[in-house]
Amino acid sequence: MARFAVGARVRARPGDPDGHTRLPRYVRGHQGEIVDDHGSWQLPDEALRGTIRAEPVYAVRFAARDLWGAGSHSVIVDLWESYLEEAAQ
Amino acid sequence: MGGQAGFGPVLAGDEPPFQADWEMRVAALTMALRLREAFTGDEFRDAIERIPPADYLAMSYYERWLRALELLLAEKELLAGHGPATGHGAAAGDGEAAGG
Amino acid sequence: MSGDHGELPVAARVRQLEDQVIAAGLTTDAELDEILAGRYRTGSPANGARLVARAWADAGFRDRLLADGNAAAAELGFGASGGGGYGYRLKAVQNTAQRHNVIVCTLCSCYPTSLLGPSPSWYKSFAYRSRTVREPRAVLAEFGLELPAETEILVWDSSAETRYLVVPARPADSAGLAEDALASLVTRDGMIGTAAF
């Protein structure tokens with residue numbers, strides 16, 4: 001079951017995990033909005049440690065101003081559910 | 001890589017997917033090994049990311065692929081006993097067989 | 001020594017590795033020849049162009065393409081898979097007068113190869129991967145694409161298992177063209193988002 005719905009505000013987890021991840025550095029710790037649900041896909045971080053488990057992947061839209069301090073564009077990044085937490089109110 | 005500054009302009013005319021014959025051969029070898037399930041796409045990406053950063057930045061795209069293939073095949077011992085440096089027992093002193 | 005890969009010229013390292021992989025029984029000369037001859041390479045920008053042309057010609061198909069890229073691609077006989085035959089979710093994103101989409105993969109070089117063929121060298125470059133998410137307007141200008149200041153830019157970073165296809169806005173002077181003629185207008189760069197169409 002998908003934990004987040006389209007429109008939800010989320011935060012990409014901060015920090016720097018050991019090993020392979022597909023959470024790009026430039027969005028870590030930043031807030032964005034779920035804009036699409038891509039269905040469930042195998043989580044690469046765990047697969048490399050021998051655990052095969054699929055979980056929801058979301059398209060998360062970040063404002064350039066939040067990421068870079070400037071810019072009017074948006075960046076949409078596809079993130080596994082484990083990479084996300086609910087945004088602070 | 002995303003957002004990192006200082007890489008200069010995008011060479012928009014830099015078109016050919018493969019700029020040398022060996023690059024195409026690395027891509028073909030990678031595809032063959034993937035079809036054989038010698039490693040997963042995640043393992044391949046991870047191997048590329050484990051290249052030390054200074055080397056990573058100094059290498060071309062397909063040099064990184066080649067290094068990742070060498071790394072994965074060695075780690076998984078898929079070539080064990082088949083490398084030119086380790087076979088050929090009695091012929092090891094033969095210059096041609098040793099292959100430099 | 002032959003075990004010291006770093007000292008061999010790169011082409012020789014590739015030949016040595018091919019020999020070792022073949023000796024280990026993991027592939028054959030014949031299989032590598034077939035791959036190099038393109039037997040497994042079904043991807044081409046002509047495939048993506050057919051999807052875009054159909055979307056331009058047929059609003060119903062356009063809506064289906066935007067709603068479910070894989071199903072719409074399948075209608076025209078195209079699968080959605082990467083180089084090793086592994087599946088991806090296809091998501092088409094549409095350019096409009098107000099909005100421009102551009103595709104990048106900052107982590108590696110993810111790309112819808114079945115619909116666009118092998119990616120151009122610049123797509124895999126550090127410059128494109130690093131800068132497109134940060135200053136897309138400047139990057140697009142380097143491709144000769146100057147967008148109006150009021151155009152909203154969406155940059156899609158293909159960081160998971162979805163691959164993106166940009167559906168460019170239909171050129172204004174293309175009224176009345178048949179689908180084949182429309183397809184011939186569509187470029188690979190238009191479907192990445194670094195050209196207008």
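Residues numbered from 1 in each chain as written. Chains lettered and ligands numbered in written order. Predicted model: local features only at pLDDT ≥ 70, side-chain atom pairs only at ≥ 80, totals over all residues. Heavy atoms only, no water.

### A word on the overall build of chain B
Alright, step 1. Secondary structure assignment for chain B yields five helices and zero strands.
Alright, step 2. Sequence-ordered secondary structure for chain B, helices as α and strands as β, is α-α-α-α-α.
Alright, step 3. A burial count over chain B gives 39% of its 100 residues as buried. (Helix = DSSP H or I, 4+ residues; strand = E, 2+ residues; numbered from the N terminus. Buried < 20%, exposed > 50% of the residue type's maximum accessible area, 1.4 Å probe, protein only.)

### Notes on unusual backbone geometry
Among all residues except glycine, the phi angle is most often negative; among peptide bonds, the trans geometry is most common.
Residues and elements named next belong to chain B.
Alright, step 1. Of note, the phi angle at Glu37 is positive, near 55 degrees, even though the residue is not glycine.
Alright, step 2. Along the chain, Glu37 falls in the loop between helix 1 (21-35) and helix 2 (41-49).
Alright, step 3. Here Glu37 falls in the exposed class, since its relative accessible area comes to 63%.
Alright, step 4. One non-glycine residue, Glu77, lies in positive phi territory at about 55 degrees.
Alright, step 5. Mapping Glu77 onto the fold places it in the loop between helix 4 (61-75) and helix 5 (95-98).

### Section: the domain arrangement of chain C
A common way to state how big an interface is: give the accessible area lost once the parts meet.
Alright, step 1. Its domain assignment divides chain C into domain 1 (5-36) and domain 2 (45-192).
Alright, step 2. Distance from the C-alpha centre of domain 1 of chain C to the C-alpha centre of domain 2 of chain C: 34 Å. (Domains from an automatic or database assignment.)

### A few points about the nonpolar core
Alright, step 1. Counting 76 residues, the largest nonpolar core has A:Val27, A:Leu79 and C:Tyr128 as its most contacted members.
Alright, step 2. Leaving out residues up to four positions away in the same chain, A:Val27 has contacts with A:Ala12, A:Phe62, A:Leu67, A:Val77 and A:Leu79.
Alright, step 3. One finds B:Met31, B:Ala32, B:Ile48 and C:Val14 within the second-largest nonpolar core, a separate group that totals 34 residues. (Core = buried A, V, L, I, M, F, W, Y, C linked by side-chain atoms within 4.5 Å. Contact = heavy atoms within 4.5 Å.)

### Points about the interface of chain B and chain C
Alright, step 1. The partner chain C presents 49 residues to the 48 residues of chain B that form the contact.
Alright, step 2. Carbon and sulfur atoms make up 63% of the area that chain B and chain C hide from each other, which totals about 4600 Å².
Alright, step 3. Among the residues chain B hides against chain C, the three largest losses belong to B:Val10, B:Arg25 and B:Leu29. Together they make up 14% of the total.
Alright, step 4. Linking chain B with chain C are three salt bridges.
Alright, step 5. In this structure, B:Arg36 engages C:Glu31 in a salt bridge whose closest nitrogen and oxygen atoms are separated by 3.6 Å.
Alright, step 6. Applying the counting rule to chain B against chain C returns 15 residue pairs in polar contact (both at pLDDT 80 or more).
Alright, step 7. Among the elements of the structure, helix 1, helix 3 (53-58) and helix 4 of chain B are those that each provide at least two residues to the side of chain B that touches chain C.
Alright, step 8. Looking at which element gives the most residues to the side of chain B that touches chain C, the answer is helix 1 of chain B, with 11 residues.
Alright, step 9. Here the residues of the side of chain B that touches chain C are counted per class, giving 29 nonpolar, eight polar and 11 charged. (Buried area = accessible area lost by both parts, 1.4 Å probe. Salt bridge = Lys/Arg side-chain N within 4 Å of Asp/Glu carboxyl O. Polar contact = N/O pair within 3.5 Å; in protein donor to acceptor, adjacent residues only side chain to side chain. Nonpolar A, V, L, I, M, F, W, Y, C, P; charged D, E, K, R; others polar.)

### Quick look at the packing of aromatic side chains
Alright, step 1. Within this structure, the stated rule accounts for 18 aromatic pairs over all chains.
Alright, step 2. Aromatic pair B:Phe7 and C:Phe126: ring centres 5.2 Å apart, planes at 35 degrees, arrangement tilted. Note that B:Phe7 is positioned in the segment before helix 1 and C:Phe126 in helix 7 (residues 126-131), a pairing that runs across two chains.
Alright, step 3. Overall, the relative accessible area of 24% leaves B:Phe7 in the partly exposed class.
Alright, step 4. What links up through ring pairs into an aromatic cluster is the set B:Phe18, B:Phe39, B:Phe44, B:Tyr61, B:Tyr62 and B:Trp65.
Alright, step 5. Above the face of the C:Phe61 ring, C:Arg54 is positioned so that its terminal group lies 5.8 Å from the ring centre.
Alright, step 6. Sitting over the ring of B:Phe18, C:Lys124 keeps its end group 5.9 Å from the ring centre. (Phe/Tyr/Trp six-rings, centres within 6.5 Å; stacked < 30°, edge-to-face > 60°. Lys NZ or Arg CZ within 6 Å of the ring centre and 35° of its normal.)

### Structural notes on the packing of helix 2 of chain B against helix 4 of chain B
Residue and element names in this part refer to chain B.
Alright, step 1. The contact between helix 2 and helix 4 brings their axes to 8 Å, and the two run at 110 degrees. The angle between the axes of helix 2 and helix 4 places the two elements in the roughly perpendicular class. Only Arg64, Trp65, Ala68, Leu69, Leu71 and Leu72 of helix 4 make contact with helix 2, whose side of the interface consists of Glu43, Phe44, Ala47 and Ile48.
Alright, step 2. Here the residues of the contact of helix 2 with helix 4 sort into eight nonpolar, no polar and two charged. (Axes fitted to C-alpha atoms, helices over the stretch in contact; angles between N-to-C directions. Parallel < 35°, antiparallel > 145°, perpendicular 65-115°, else oblique.)

### Focus on the layout of surface pockets
Alright, step 1. Estimates place the volume of the second largest pocket at around 670 Å³.
Alright, step 2. Looking at the second largest pocket, it is lined by 24 residues, and the ones nearest its centre are A:Arg25, B:Met1, B:Glu49, B:Tyr56 and C:Leu107.
Alright, step 3. Looking at the lining of the second largest pocket, the elements that each hand over two or more residues are helix 2 and helix 3 of chain B.
Alright, step 4. Top contributing element to the lining of the second largest pocket by residue count: helix 3 of chain B, with three residues.
Alright, step 5. For the lining of the second largest pocket, a count of residues per class yields 11 nonpolar, six polar and seven charged. (1 Å grid on protein atoms, 1.4 Å probe; cavity = no way out; pocket = protein on both sides within 12 Å on 5 of 7 lines; lining within 4 Å. Points joined across faces, edges and corners; volume = space filled by probe spheres on them.)

### Let's talk about the interface of chain B and chain A
Alright, step 1. Counting from both sides, the interface comprises seven residues of chain B and, opposite them, nine residues of chain A.
Alright, step 2. Where chain B abuts chain A, roughly 620 Å² becomes buried across the two surfaces, and 55% of that area is made up of carbon and sulfur atoms.
Alright, step 3. At the boundary of chain B with chain A, the tally comes to zero salt bridges.
Alright, step 4. In this structure, the connection of chain B to chain A is made through one residue pair in polar contact (both at pLDDT 80 or more).
Alright, step 5. Tallied by class, the residues present in the side of chain B that touches chain A amount to no nonpolar, two polar and five charged.

### Focus: the pattern of salt bridges
Here the idea is simple: oppositely charged side chains can pair when their charged atoms come close.
Alright, step 1. Within this structure, the stated rule accounts for 25 salt bridges over all chains.
Alright, step 2. Measuring nitrogen to oxygen at the nearest pair gives 3.9 Å for the salt bridge that ties B:Arg67 to B:Glu70. Of this pair, B:Arg67 and B:Glu70 both sit in helix 4, three residues apart, which is roughly one turn of the helix.
Alright, step 3. A salt bridge links C:Arg62 to C:Asp63; the shortest N-O distance between them is 3.3 Å.
Alright, step 4. Owing to a relative accessible area of 28%, C:Arg62 belongs among the partly exposed residues under this scheme.

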